[in-house]
Amino acid sequence: MARHLMTNERGKIALEHLRKIKPFIQASLSLTKKRCGNPRCRCVQEGPLHEVTLLTWKEQNRTHTLYVPMELRQEVERWVQEGKLLKRLVAEVSQAQREVLTSKKRNRKSKKV
Ligand SMILES: [Zn+2]
C-alpha cells in the first residue's frame, strides 16, 4: 500500500471491493407489457403483448423512465446490481469510519484514566 489509510479492517475490505467496481447505475429495472403501436401487428387483436423493459430512477422526487432495448437487458441488469453493491459499500465504509472515530474517542478516554 502506497500510503497509510486511516480505517479499520472492515473499511479496508470494503475499499478493496470499491476499487474493483464495474460500470453501475442507481436505478431499477421493471418488466411491462404493451402494444407496439403498429396497427397490423398481432398485439392489436389477439396478442400476446410485447415485453418491454424499463429503467426507472428518481431525481429530485420525480420518477424518470428509460426504455431498455431487449438485447441490453442483461447488461443493464448487471449495472443495476453493481449500483446496489456500490450503495452497500459506501454504507460499509461510512460505518467503518464511524467506528474508527468512536474507538479513537474510547482510547483517548482510557489513556486519561
Ligand atoms: Zn405489436
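Because the structure is a prediction, the values reported are computed rather than measured.

A. Seen up close, the nonpolar core. With five residues, the main nonpolar core is built from Ala27, Leu55, Val68, Val76 and Val80. Setting aside its immediate chain neighbours within four residues, valine 76 contacts Leu29, Leu55 and Val68.

B. Seen up close, the coordination of the zinc ion. Here the zinc ion is held by the protein donor atoms Cys36 (SG), Cys41 (SG), Cys43 (SG) and His50 (NE2), which lie 1.9 to 2.3 Å from it. Considering all four donor atoms around the zinc ion, angles at the metal cover 104 to 113° and the coordination shape is tetrahedral. Counting along the primary sequence, the residues that act as donors to the zinc ion give the motif C-x4-C-x1-C-x6-H. Overall, the relative accessible area of 15% leaves cysteine 41 in the buried class.

C. How the structure looks around the side chain of threonine 53. Looking at the element boundaries, threonine 53 is found in strand 2 (residues 50–59). What threonine 53 contacts, discounting residues up to four positions off in sequence, is Leu29, Ser30, Leu31, Leu66, Tyr67, Val68, Met70 and Arg73.

Conventions used here
Residues numbered from 1 in each chain as written. Predicted model: local features only at pLDDT ≥ 70, side-chain atom pairs only at ≥ 80, totals over all residues. Heavy atoms only, no water. Core = buried A, V, L, I, M, F, W, Y, C linked by side-chain atoms within 4.5 Å. Buried < 20%, exposed > 50% of the residue type's maximum accessible area, 1.4 Å probe, protein only. Contact = heavy atoms within 4.5 Å. Donors = N, O, S within 2.8 Å, 3.2 Å for Na, K, Ca; no water. Tetrahedral: all angles 85-135°; square planar, octahedral: opposite > 155°, others 65-115°. Helix = DSSP H or I, 4+ residues; strand = E, 2+ residues; numbered from the N terminus.

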